[in-house]
Amino acid sequence: MPPTRAAGLARLAAFTPLMGRAYADGRNHDPGPGKPGYVSTLSPYIRHRLITEQEVVAAAIAAHGAEVADKFIQEVFWRSYWKGWLAQRPAVWDAYRGRVAAGLEAPPEGYEAAIAGRTGIACFDAWVQELIEIGYLHNHARMWFASIWIFTLRLPWELGADFFLQHLLDGDAASNTLSWRWVAGLHTKGKHYVARAENIARHTGGRFAPHGELNEKPMPLQEADPPAPRPIPALPAPPPGPVVLLLHEDDLHPESLPLAGLHVRRVIGVCGPEARSPLGAAPLVQSFVDGALEDGLTRAAQHFGVPAERVALTDLPDLILRDAVVMPEAPIGWLADALRPYGVAALRRPWDEACWPLAGRGFFPFAQHIPRLCAELIQGRHG
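Every chain is numbered on its own, with residues counted from 1 as its sequence reads. With pLDDT at 70 or above as the cut-off, local features in this predicted model cover only qualifying residues; side-chain atom pairs require 80 or more to be listed or tallied, and sums for whole chains, interfaces and linings still use all residues. The side-chain values count all of the structure's non-hydrogen atoms but skip hydrogen atoms and water molecules.

Enquirer: Quick rundown of the pairing of strand β4 (residues 325–328)? Include the residues and the values.
Expert: The cut-offs for exposure are 20% and 50% of the maximum accessible area for each residue type, with area from a 1.4 Å probe on protein chains only; residues under the lower value are buried, those over the upper are exposed, and the others partly exposed. Each helix is a run of DSSP H or I of at least 4 residues and each strand a run of E of at least 2, with the numbering of both proceeding from the N terminus. Neither face of β4 is open: one carries Val325 and Met327, the other Val326 and Pro328, and all of them are buried. For two strands to pair, DSSP has to find at least two bridges joining them. Looking at chain direction, strand β1 (residues 242–248) and β4 are connected through two bridges and run parallel. From the neighbouring strand, valine 244 faces β4, where its bridge partner is valine 325.

Next comes the structure, spelled out in structure tokens:
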């Protein structure tokens, strides 16, 4: 997966014909690494906004219509739902980070065998190696993996989520943390996802059949209710006049940023994938994020006709003293944590402005808004 917008657009074009009924019928089947399937593998590009949600949804609607492409469109909106839900409950992210740090100080029995792929459960061990080697897992395999980690291996869900973040090219604070909570039965209270041998055998074409190896009758995990949602604060208006644009790994499509009235005179870029975990990020992840940032900076220099360069986070205080700096908003996560002390003015995309406040409850109440959001946001993009 080359970490460039051009590669993301090529992958988008190649998969667009499958976004309709083919995706709806085949998306749960995992034929294995390197074999053609019916998932897009666009997530690393969308996660870093090398391509945008609007572009992807617009392609699906143009090719198939909103009704036929409904399943695919919903998957794109899940990512926005997770971000909005966490933006309204940032304490959930803080609690997760604290538990990861504490858990890694004295990892529980079985943890080292699990992350080395030495559990003796063939499917799980194969997914560990696939994750480490290519930085990606099929979405259904991620659910099976998390369920086995939590209910069969009886390991803390937070350490499993951390292991994913270290290795996934599309590792995202909201999607990853809250998906693990959902599997555990914590996101939708009492409703957990159970990996079953029959389901795994059917959807892997018989490659794996862990009959008798899994806990198929677990109880969901329990913990105190998450905090009530809080309103997402509005962002202050950016400073007038010439600005320095700060690009970062969470948003690398400067060409479509809401910059009306601002004159960009210079572009700088930062990234910090090593802050994903106390154990850092895998080399594959570091290389992808570094490459994505370089691609974003190259395109920004061409788009604005100004210099663009990567800087260190520690350079920001001096830069902010000299210049008015603006950046695309960083959603709740490790990068937002790192940038918060600097007080850089942020720009919220219309997509996030429209989606995030609707994510206060479960996904299905949120999903009722998807037809309207598509009509408004895609029409707005083309209008």
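Enquirer: How would you summarise the side chain of arginine 299 if you had to cite specific residues and measurements?
Expert: Looking at the element boundaries, arginine 299 is found in helix α13 (residues 283–304). Any N or O atom pair separated by 3.5 Å or less is treated as a polar contact, with the protein-specific requirement of one donor-capable and one acceptor-capable atom, and with residues adjacent in sequence counted only for side-chain atom pairs. A polar contact is formed between the side chain of arginine 299 and the backbone oxygen of leucine 252, at a distance of 2.6 Å. Among the polar contacts made by the side chain of arginine 299, one reaches the side chain of glutamate 255 at a distance of 2.9 Å. Residues are treated as being in contact if the distance between any of their heavy atoms lies within 4.5 Å. Excluding residues that lie within four positions of it along the chain, arginine 299 makes contacts with Arg5, Leu50, Leu252, His253, Pro254 and Glu255.

Enquirer: Which residues make up the pairing of β1, and what are the values?
Expert: Along β1, six of the seven residues are buried, which leaves the element largely enclosed by surrounding structure. In this sheet, strand β2 (residues 263–270) lies alongside β1 in parallel orientation, the contact comprising seven bridges. Counted as the bridge partner of leucine 246 is isoleucine 268 from β2.

Enquirer: Tell me what's going on with the nonpolar core, and back it up with residues and numbers.
Expert: The set of buried Ala, Val, Leu, Ile, Met, Phe, Trp, Tyr and Cys residues whose side-chain atoms join them within 4.5 Å is what this entry labels a nonpolar core. Membership of the largest hydrophobic core comes to 121 residues, with the highest contact counts inside it found for Phe77, Trp127, Phe145 and Trp149. Top element by residues in this core is helix α5 (residues 70–87). It accounts for ten residues. When sequence neighbours within four positions are dropped, the list of residues in contact with phenylalanine 145 reads Phe124, Trp127, Val128, Leu137, Phe163, Phe164 and Trp180.

Enquirer: Can you break down helix α4 (residues 53–64) residue by residue, with the values?
Expert: Helix span, expected: 1.5 Å multiplied by one less than the number of residues in the helix. With twelve residues, α4 should cover 16 Å at 1.5 Å per step; its first-to-last C-alpha distance of 17 Å lies within 8% of that length. One or two residues past the end of α4 sits glycine 65, with phi positive at roughly 85 degrees.

Enquirer: Mind laying out the packing of aromatic side chains, listing which residues take part and the relevant values?
Expert: Any two of the Phe, Tyr and Trp rings considered here, Trp counted by its six-membered ring, make a pair once their centres fall within 6.5 Å; the pair's planes then place it as stacked at under 30 degrees, edge-to-face at over 60, or tilted in between. Inspection of every chain in the model, using the stated rule, returns 30 aromatic pairs. With a centroid separation of 5.5 Å and an interplanar angle of 20 degrees, the aromatic rings of tryptophan 127 and tryptophan 144 are classed as stacked. You can see tryptophan 127 sitting in helix α8 (residues 122–134) and its partner tryptophan 144 sitting in helix α9 (residues 139–152), a full 17 residues away along the chain. Neither residue differs from the other here; tryptophan 127 and tryptophan 144 are each classed as buried. Taken together, a centroid distance of 6.1 Å and an interplanar angle of 25 degrees make the contact between tryptophan 182 and tyrosine 193 stacked. Placement of tryptophan 182 in helix α11 (residues 173–184) and of tyrosine 193 in the loop between α11 and α12 (197–203) is noted, with a sequence separation of eleven residues between them. Each residue in the set Phe77, Trp78, Tyr81, Trp82, Trp351, Phe363, Phe364 and Phe366 is aromatic and connected to the rest through ring pairs, giving one cluster.

Enquirer: So what about the packing of α4 against α5? Which residues, and what values?
Expert: Contact geometry of α4 with α5 gives a least axis separation of 10 Å together with a crossing angle of 165 degrees. Judged by the angle between their axes, α4 and α5 are roughly antiparallel. Between α4 and α5 lies a crossing of left-handed hand. For the pair α4 and α5, the contacting residues are Glu53, Val56, Val57, Ala60 and Ile61 in the first and Phe72, Ile73, Val76, Phe77 and Ser80 in the second. In this count, Pro and Cys sit with the nonpolar residues alongside Ala, Val, Leu, Ile, Met, Phe, Trp and Tyr, while Asp, Glu, Lys and Arg are called charged and the others, Gly among them, polar. Across the contact of α4 with α5, the residue classes break down as eight nonpolar, one polar and one charged. Note on method: axes are straight lines fitted to C-alpha atoms, helices fitted across the in-contact stretch only, with angles between N-to-C directions ranging 0 to 180 degrees. An angle below 35 degrees is read as roughly parallel, one above 145 as roughly antiparallel, one from 65 to 115 as roughly perpendicular, and any other as oblique. It is the rotation of the near helix from the far one that decides the hand of a crossing: anticlockwise by less than a right angle makes it left-handed, clockwise makes it right-handed.

Enquirer: Residues and numbers for the environment of tyrosine 38, please.
Expert: Examined against the element boundaries, tyrosine 38 turns out to sit in the loop between α2 (21–26) and α3 (43–47). For the pair tyrosine 38 and alanine 354, spaced 316 residues apart in sequence, the C-alpha separation works out to 29 Å. With residues up to four places along the chain from it excluded, the contact list for tyrosine 38 reads Phe15, Leu18, Ala22, Tyr23, Gly26 and Arg27.

Enquirer: Break down the pattern of salt bridges for me, with residues and values.
Expert: Any Lys or Arg side-chain nitrogen found within 4 Å of a carboxyl oxygen on Asp or Glu counts as a salt bridge. Considering all chains together, one arrives at 24 salt bridges under this definition. Its salt-bridge partner being arginine 99, residue glutamate 158 comes within 3.4 Å of it at the nearest N-O pair. Residue glutamate 158 is located in helix α10 (residues 157–167), and its partner arginine 99 is located in helix α6 (residues 90–105); the two are separated by 59 residues in the primary sequence. Residue classification places glutamate 158 among the buried positions, given a relative accessible area of 9%. Residue arginine 99 is classed as partly exposed on the basis of its relative accessible area of 39%. Here glutamate 353 ties to arginine 348 by a salt bridge, and the two come within 3.9 Å at their closest N and O atoms. For arginine 348, a relative accessible area of 11% corresponds to the buried category. Ionic contacts of the salt-bridge type, sharing partners, join the residues Arg49, Glu53, Asp251, Arg349 and Asp352 into one network.

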